[in-house]
Amino acid sequence: MLVEKNVPLQAFNTFRIVAKAHALARITSEADVQALLADPTWGPSPTFVLGGGSNIVLTGDVKPLVLKVEVPGRRLVAETDKHWVVEAGAGEAWHDFVTWTLDQGYPGLENMALIPGTVGAAPVQNVGAYGVELQDRFESLDAIDLQTGQVFTLNAAQCAFGYRDSVFKHGGAMPTAGGQSLGLKDRALILRVRFALPKAWKPVLGYADLERKMLETGIQQPTARQIYNWVCEVRRAKLPDPNVIGNAGSFFKNPTVTPEQCADIIAREPKVVHYPLHDGSVKLAAGWLIDACGWKGKSVGQAGVYDKQALVLVNRGAGVDGNGATGGEVMTLAKAIQTSVYERFGILLESEPVVV
Ligand code: EPU
């Protein structure tokens, strides 16, 4: 199998940051991983798994062998009384897969339309939007151990999904529903993901942006396709298209605080956007906190805060000729935002993308 050397990564990361992979292999099946492991040159090398590159900040050239996941395929694998179980190769583009499921008549992923990235990357951060998270529709996944080449299957509990979090984001021991388990960060490559899509489908409409669409259109009982169209419209209006302006989606997670902390903030900042959660804690809108600190439209070098959504950092440079933002500029901007939000609200924002 071919390992390419000195591969430009700008087209392979949605921030469009200029960097190179010292070596890159395209993985289309488990056999490709097994062939690399058996190869004396590459077998012992540390590796870095790259999906759609939509949740990474490259701060320099990537020295570990880059495994670019290009496993194809999408199909119905099972049908039960309650679900269609559909499977997609990890290399499929997430949005194209969502569109395909709806075209086939399998609803359930529509709220997550237009999320950038690949199917294989989606479980890593348990992607979510407009009230639905990947874990709500997840059935199981197949992954390959990058040390032994063994393929294994994980169910939802074993993936230890959390808010933008999973077993794939942690190294070492981590607490899971079933007790302690070992984090799989840098240890596994996701090959295929299966989703259980409900036959008794019900729309998920709790989000303000979707309720606004219902009011505007007068449609009270939207179909899955209608919701898909609304989500695409909302995202196109609010979030920058990575093909036009480099970005990695939300740069920070929405923080959760205790009701006491929230009451304290409201006393000082009555307008703070907050949502009570089922467990009694309160989620704050990080975008609002950043916006309130005056960051919208500000920049460090070519890295900037998107002017329609302060939670999104963007690459303002054209990028193609190497003039775009560096990973260092993005991280300097991110740290300055964290500092100012901390100084004003006493909250430390946690960043979402993986810094490489
Ligand atoms: N807000 C502001 N100013 C801003 C940005 C937001 O005041 O600059 C306020 C909004 O007016 C709104 C609230 O903050 O009242 C929340 O904003 P929004 O509905 O846009 O959602 P979000 O919490 O900023 C999250 C996800 C998005 C997801 C949307 C919709 C995270 C980190 N982000 O954003 O996910 O699309 O909800 O469900 O949870 C991503 O993870 O990359 C991502 C884009």
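For the structure itself, consult the block above.
Calculation rules
- Residues numbered from 1 in each chain as written.
- Predicted model: local features only at pLDDT ≥ 70, side-chain atom pairs only at ≥ 80, totals over all residues.
- Heavy atoms only, no water.
- Near = heavy atom within 4 Å.
- Polar contact = N/O pair within 3.5 Å; in protein donor to acceptor, adjacent residues only side chain to side chain.
- Helix = DSSP H or I, 4+ residues; strand = E, 2+ residues; numbered from the N terminus.
- Buried < 20%, exposed > 50% of the residue type's maximum accessible area, 1.4 Å probe, protein only.
- Pairing = 2+ DSSP bridges.
- 1 Å grid on protein atoms, 1.4 Å probe; cavity = no way out; pocket = protein on both sides within 12 Å on 5 of 7 lines; lining within 4 Å.
- Points joined across faces, edges and corners; volume = space filled by probe spheres on them.
- Nonpolar A, V, L, I, M, F, W, Y, C, P; charged D, E, K, R; others polar.
- Axes fitted to C-alpha atoms, helices over the stretch in contact; angles between N-to-C directions.
- Phe/Tyr/Trp six-rings, centres within 6.5 Å; stacked < 30°, edge-to-face > 60°.
- Lys NZ or Arg CZ within 6 Å of the ring centre and 35° of its normal.
- Core = buried A, V, L, I, M, F, W, Y, C linked by side-chain atoms within 4.5 Å.
- Domains from an automatic or database assignment.
- Contact = heavy atoms within 4.5 Å.

### Considering the site of the ligand
Looking at the ligand, there are 24 residues lining it, with Y130, Y163, S250, D291 and A310 nearest. Separating an oxygen atom of the ligand from a backbone N or O atom of S250 is a distance of 2.8 Å. Note that an oxygen atom of the ligand is positioned 2.8 Å from one of the side-chain N or O atoms of N254. Residue assignment for the shell around the ligand shows that the elements contributing at least two residues are α6 (224-238), β15 (246-250) and α8 (286-292).

### With respect to the pairing of strand β14 (residues 188-198)
The buried fraction of β14 is high, at 11 of 11 residues. In this structure, strand β7 (residues 83-89) lies alongside β14, joined through 7 bridges in antiparallel fashion. In the sheet register, E87 faces β14, and the bridge partner there is R194. In this sheet, β14 lies alongside strand β10 (residues 138-145) in antiparallel orientation, the contact comprising 7 bridges. Along β14, the bridge assignment pairs D142 with R192.

### Thoughts on the layout of surface pockets
The method is simple in principle: a probe with the dimensions of a water molecule rolls over the atoms, and the space it marks as empty is what remains. Within this model, the second largest pocket holds a volume of roughly 700 Å³. Every residue lining the second largest pocket is counted, 35 residues in all, and those nearest its centre are F48, V49, V124, F168 and V354. The dominant element in the lining of the second largest pocket, judged by the number of residues it contributes, is strand β3 (residues 47-50), at 4 residues. Taken together, the residues that form the lining of the second largest pocket break down as 22 nonpolar, 10 polar and 3 charged.

### Structural notes on the sheet that holds β3
The mixed open sheet is built from 4 strands, whose spatial order is β1-β2-β5-β3. Strands at the two margins of the open sheet, each flanked by one partner only, are β1 (3-8) and β3. Adjacent strand axes in the sheet meet at a mean angle of 40°, parallel and antiparallel pairs treated alike. Pairing between β3 and strand β5 (residues 65-69): 4 bridges, direction parallel. Along β5, the bridge assignment pairs F48 with V66.

### Structural notes on the packing of aromatic side chains
Under the counting rule described, the total for this entry stands at 11 aromatic pairs. Their ring planes at 65° and their centres at 5.7 Å tell us that W94 and F195 sit as a pair that is edge-to-face. Remark: F195 occurs in strand β14 and W94 occurs in helix α2 (residues 94-104); sequence separation between them is 101 residues. An aromatic cluster is built from W84, W94, F97, W100, Y106 and F195, whose rings are joined through pairwise contacts. Over the aromatic face of F12 sits the side chain of K68, whose NZ or CZ is 4.7 Å from the ring centroid. Stacked on the ring of Y228, the Lys or Arg R225 has its end atom at 5.3 Å from the ring centre.

### Topic: the pairing of strand β11 (residues 151-155)
Pairing geometry for β10 and β11, over 5 bridges, is antiparallel. Bridged to S140 within β11 is N155. Turn length for the β10-β11 hairpin, with the two strands adjacent in sequence and antiparallel, is 5 residues, and the turn residue G149 shows positive phi of about 80°.

### Digging into unusual backbone geometry
Despite not being glycine, Y130 shows a phi value in the positive range, around 50°. In this structure Y130 comes out as buried when scored by relative accessible area, which is 10%. Positioned with a positive phi, A160 is a non-glycine residue whose angle comes to about 50°. Its location among the elements puts A160 in the loop between α4 (156-159) and β12 (173-176).

### Description of the nonpolar core
Grouped together as the largest cluster of nonpolar side chains are 61 residues, with contacts concentrated most on W94, F97, L141, F168, L189 and F195. Two domains each provide a minimum of three residues to this core, namely domain 1 (3-69) and domain 2 (74-198). In this structure F168 touches V124, L141, L154, C159, L184, K185, A188 and I190, once residues within four positions along its chain are discounted. Residues L24, F48, W295 and V330 belong to the second largest nonpolar core, which totals 43 residues.

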